[in-house]
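Spelled out, the chains give:
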Amino acid sequence: MLQTKHLERALERLKEGWARYLAHSNDEQLRDGLIQRFEFTYELSHKIIKRHLELTSASPDMYDRMDFADIIRSASEKGVLEGNWRQWKKYRERRNLTSHTYNETNAKTVVQVIPEFISEIEYFLRKINENDSKN
């Protein structure tokens, strides 16, 4: 069984940060913390997605040879992701901007994708938990 508690906790912290940011959107320090939470949740989600694919595959080692895009495409085809590669590419691009959060434009660009990303991770967790309960 796939352990998702760390991703669930990271998602909750991201949602908490988002709620606080909505109440204080001019607070740059709060925004920077929110971006860090997005970064952490994104990185963790990628690892859990790959691990889920490995655990549910007849050939788990094939995912070690796949690049990020193919892992996301595979998860999307299996129905555990709501978004497709185009959506996840956007999340990845925003994640890559996080090292430049001192740039106001980049920071705002990263923050804009967070609600959509939260929804995606909630969907993923719901789907894999449904799959676990069926087995």
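Scroll up to find the structure.
Here's what I pulled together on the structure shown here. None of these values were measured; they are calculated from a predicted model. (Residues numbered from 1 in each chain as written. Predicted model: local features only at pLDDT ≥ 70, side-chain atom pairs only at ≥ 80, totals over all residues. Heavy atoms only, no water.)

## Examining the environment of Ala107
Here is step 1: Along the polypeptide, Ala107 turns up in helix α5 (residues 104-134).
Here is step 2: For Ala107, a relative accessible area of 0% translates into the label buried.
Here is step 3: With 52 residues separating them in the primary sequence, Ala107 and Leu55 have C-alpha atoms 36 Å apart. (Helix = DSSP H or I, 4+ residues; strand = E, 2+ residues; numbered from the N terminus. Buried < 20%, exposed > 50% of the residue type's maximum accessible area, 1.4 Å probe, protein only.)

## Looking at the pattern of salt bridges
Here is step 1: This model, assessed by the stated rule, comprises 15 salt bridges.
Here is step 2: Lys15 is the salt-bridge partner of Glu122, the closest N and O atoms lying 2.8 Å from each other. Here Lys15 lies in helix α1 (residues 5-23) and Glu122 lies in helix α5, a separation of 107 residues in the sequence.
Here is step 3: Its relative accessible area of 29% is what places Lys15 among the partly exposed residues.
Here is step 4: A cluster of three or more residues bridged by salt bridges with shared partners is formed by Arg31, Asp32, Glu104 and Lys108. (Salt bridge = Lys/Arg side-chain N within 4 Å of Asp/Glu carboxyl O.)

## Observations concerning the packing of aromatic side chains
Here is step 1: By the definition in use, this model includes 10 aromatic pairs.
Here is step 2: Look at Trp88 and Phe117: their rings are 6.0 Å apart centre to centre, the planes differ by 70 degrees, and that puts the pair in the edge-to-face class. Highlighted residues: Trp88 in helix α4 (residues 85-97) and Phe117 in helix α5, separated in sequence by 29 residues. Each of the two residues, Trp88 as well as Phe117, counts as buried.
Here is step 3: Among the aromatic residues, those joined into a cluster by ring pairs are Phe38, Tyr42, Phe68, Trp85, Trp88, Tyr91 and Phe117. (Phe/Tyr/Trp six-rings, centres within 6.5 Å; stacked < 30°, edge-to-face > 60°.)

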